[in-house]
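Single-letter residue listing:
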Amino acid sequence: MIKKSLIVLNGFVHDFAAGIWLATIVTISVLHDAHVKDAVVVSTLNHLERMFFWGSVCAAIIIMATGAGRTFTYVDNWYGEDAERQRRKALIIKHVVLFSAYALGYFWVWDKVFH
């Protein structure tokens, strides 16, 4: 019972950290647009951009750590052998897309944060 609860908690933390990561990347962009429009707030918003950037890095680390944990919890053929084969292919594609999204996200905000 505790093992199953920890598996569910791990999945929740994984998904929650992914949401935090995306929110921080979008927030950095919004803050940057605001500070470009008003020079008076530049130093404050630069500080916030960096704070959100490093928060996104922490979220990315949590995503990877809990994702690694998920790798070891989905080893049974829960849905049957054929369905599991398809699920694993879909997971590989999903992770290629998401790793690309992380790279593009950081590429997009890097210059905004460290200009």
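What you are looking at is a predicted structure, and each value in this text was computed from that prediction instead of being measured.

Asker: What is the right way to look at the side chain of E49 in this model?
Answerer: Tracing the backbone through its elements, the reader meets E49 in helix α2 (residues 42-73). R50 provides the closest opposite charge to the buried, unpaired E49, separated from it by 6.0 Å. Within the structure, the side chain of E49 is placed 3.2 Å from the backbone nitrogen of H32, a separation counted as a polar contact. Once residues lying within four places of it in the same chain are set aside, the contact partners of E49 are I28, L31, H32, H35, K112, V113 and H115.

Asker: Whenever I open this one, the nonpolar core confuses me. Can you help?
Answerer: By size, the foremost hydrophobic cluster in this structure holds 12 residues: A17, W21, I25, I28, F53, A59, A60, I63, Y102, Y106, V109 and V113. Residue assignment for this core shows that the elements contributing at least two residues are α1 (2-37), α2 and α3 (81-113). Aside from chain neighbours lying at most four places away, what touches A59 is A17, I20 and W21.

Asker: Hey, could you run me through the packing of α1 against α3 in this one?
Answerer: Helix packing for two helices is described by the angle between their axes and how far apart those axes are. Two elements in contact, α1 and α3, have axes whose closest approach is 10 Å; the angle formed by their N-to-C orientations is 30°. Relative to α3, α1 is oriented roughly parallel. In terms of crossing hand, the pair formed by α1 and α3 is left-handed. Taking contact as the criterion, the partners of A18, W21, I25, I28, S29 and H32 in α1 are, on α3, A101, Y102, G105, Y106, W108, V109, K112 and V113. Here the residues of the contact of α1 with α3 sort into 10 nonpolar, 3 polar and 1 charged.

About the criteria used
- Residues numbered from 1 in each chain as written.
- Predicted model: local features only at pLDDT ≥ 70, side-chain atom pairs only at ≥ 80, totals over all residues.
- Heavy atoms only, no water.
- Helix = DSSP H or I, 4+ residues; strand = E, 2+ residues; numbered from the N terminus.
- Buried < 20%, exposed > 50% of the residue type's maximum accessible area, 1.4 Å probe, protein only.
- Lys, Arg positive; Asp, Glu negative; His and termini not counted.
- Salt bridge = Lys/Arg side-chain N within 4 Å of Asp/Glu carboxyl O.
- Polar contact = N/O pair within 3.5 Å; in protein donor to acceptor, adjacent residues only side chain to side chain.
- Contact = heavy atoms within 4.5 Å.
- Core = buried A, V, L, I, M, F, W, Y, C linked by side-chain atoms within 4.5 Å.
- Axes fitted to C-alpha atoms, helices over the stretch in contact; angles between N-to-C directions.
- Parallel < 35°, antiparallel > 145°, perpendicular 65-115°, else oblique.
- Left-handed = near helix turned anticlockwise from the far one by under 90°.
- Nonpolar A, V, L, I, M, F, W, Y, C, P; charged D, E, K, R; others polar.

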